[in-house]
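Each chain is listed here by its residues.
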Amino acid sequence: MNVHEYQAKEILARFGVAVPEGQLAESAEDARRIAESLGGRVVVKAQVHAGGRGKGGGIKLAADPDEAARHFEEIFGMTLVTPQTGAKGRVVRRVYVTRAVEIEHEYYLSVLVDRASARLLVMASAEGGVEIEKVAAEAPEKIVKVALDPTVGYTAAVGRRVGYALGLEPELVRQFVRMLGSIVRCFVETDASLVEINPLVRTPEGVLLALDAKLNFDDSGLVRHPEIRELRDTDEEDPLEVEASRSGLNYIKLDGDVGCMVNGAGLAMATMDIIDLAGSRPANFLDVGGGASKESVAAAFRILLADPDVRAVLVNIFGGIVRCDRVAEGIIAAAEEVSLDVPLVVRLQGTNAAEARRMLVESALELDVADGLDEAARKVVAAVGGAR
Ligand code: GDP
Ligand code: MN
């Protein structure tokens, strides 16, 4: 799960990371008032779950409260297109006003999980700011990487190593050691998967501040952090994925053309493999889970049919705890609401499978029933026009 910059900064500040003060503005008048309270010079910042806002015109410096109000008018409601939003862009629904900071230097700093080494990795660069992707592509040696030993965790030695690699002088290194310690503690205690500060700035007074912040959380850890889960902004997410998670479905959009409804992650993977083997590709990974109800099956079906890439649907259910007749009920209920205009192949095995098959065959639905997995895959691949 992602959160907005202002939320990420609030969380980081709780762990002791220094950030510029700021407030969310509801209106131009509000932006003016906040600017006044922050001393006049502020930055007006579009809040969307995508980076590169500065380049897209979503970050504007204001010299005084009047200018802050004008910037608010421009940014609020705009469709912000950045290198990370795609051509469609994002509508800006929240605007943050922060105290403007004088910048002497911009650094890049992040903490993430490095899957290859199975460790937390600190990445930093003295060439931070809006061109960091270019630095990473053209001069990767300018990014220092230090992995944390999981048996030791973060130590001042790690902080000093990164700080000196950034070229900070001793007084700033001391500040940096504390700051990175706070960031790592935030990462671990919130079950984050990424903390990124770009830019981390140093002011002429010699203070380090997180001017921008991006936090991603491990969805599986959110059950332990209800206060973070509340920050979820579904306006920023794929509507089909939002509907899926509301219904307790595990749904991931893929780029093929066979929509798959499956119960259990293992069966979902096997189904994807066998579709591939039969010569086509899955349009999604949709696991209705072990406790599939009529309602969640119906939701799954709606999601599959709402995806314009889906040219045929394969339902592959192994009834163990979940009963096949309940799945059939869900499919029939969903088909009454949304018209089924692509071929449907159903393979049901296990608890109450015969009953389920009878219900489906007797329903008004046009579908093809398969007994085995091979047969099901062949039928659905034939339905999308044969092997590629
Ligand atoms: P991003 O474009 O989405 O990464 O948004 P950022 O919050 O990182 O802002 C982009 C750039 O705007 C930064 O790299 C800074 O150069 C500039 N910027 C942001 N806040 C301030 C500020 O308080 N003072 C100054 N001088 N520049 C700022
Ligand atoms: Mn940034």
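Residues numbered from 1 in each chain as written. Chains lettered and ligands numbered in written order. Predicted model: local features only at pLDDT ≥ 70, side-chain atom pairs only at ≥ 80, totals over all residues. Heavy atoms only, no water.

1. Quick notes on the domain arrangement of the chain
And then number 1: We note that the domain assignment places domain 1 (21-99), domain 2 (105-229) and domain 3 (238-383) within the chain.
And then number 2: Once you take the C-alpha centre of each, domain 1 and domain 3 turn out to be 44 Å apart. (Domains from an automatic or database assignment.)

2. What to know about the state of the cysteines
And then number 1: By the definition in use, this model includes zero disulfides.
And then number 2: A disulfide-free cysteine, cysteine 324 has its sulfur positioned 17 Å from the sulfur of cysteine 260, the nearest such atom. (Disulfide = S-S within 2.5 Å.)

3. Thoughts on the coordination of the manganese ion (ligand 2)
And then number 1: Summarising the metal site, the manganese ion (ligand 2) is bound by the protein donors Asn198 (O) and Asp212 (OD), whose distances to it range over 2.1 to 2.2 Å. Residue asparagine 198 is found in strand E10 (residues 192-202), and its partner aspartate 212 is found in the loop between strand E11 (208-210) and strand E12 (214-217); the two are separated by 14 residues along the sequence. In this structure, asparagine 198 and aspartate 212 share a single accessibility class: buried. (Donors = N, O, S within 2.8 Å, 3.2 Å for Na, K, Ca; no water. Helix = DSSP H or I, 4+ residues; strand = E, 2+ residues; numbered from the N terminus. Buried < 20%, exposed > 50% of the residue type's maximum accessible area, 1.4 Å probe, protein only.)

4. Side note on helix H5 (residues 156-165)
And then number 1: Those residues of H5 that fall on the buried side of the exposure criterion are Val158, Gly159, Val162 and Gly163. All buried residues of H5 lie within an arc of 125 degrees about the axis, which places them on one face of the element.
And then number 2: Close packing links the buried residues of H5 with strand E8 (119-125), strand E9 (143-147) and helix H6 (170-189).
And then number 3: After H5 finishes, the residue glycine 167 shows a positive phi value of roughly 80 degrees. (Arc of directions from axis to C-beta. Contact = heavy atoms within 4.5 Å.)

5. Section: unusual backbone geometry
And then number 1: Note the cis peptide between asparagine 198 and proline 199, where omega equals 10 degrees.
And then number 2: When you line up the elements, proline 199 lands in strand E10.
And then number 3: With phi around 60 degrees, asparagine 352 is a residue other than glycine that occupies positive phi space.
And then number 4: One can find asparagine 352 in the loop between strand E17 (344-350) and helix H12 (353-362).

6. Remarks on the nonpolar core
And then number 1: Of all hydrophobic cores here, the largest spans 40 residues; its most connected members are Leu109, Phe176, Ile183 and Ile197.
And then number 2: Within the residue set of this core, elements represented by two or more residues are helix H1 (5-14), strand E7 (105-114), E8, H5, H6, E10, E11 and E12.
And then number 3: In terms of residues, this core owes the most to one element, H6, which gives ten residues.
And then number 4: Of all hydrophobic cores here, the second largest spans 37 residues; its members include Leu249, Ile303, Val322 and Leu344. (Core = buried A, V, L, I, M, F, W, Y, C linked by side-chain atoms within 4.5 Å.)

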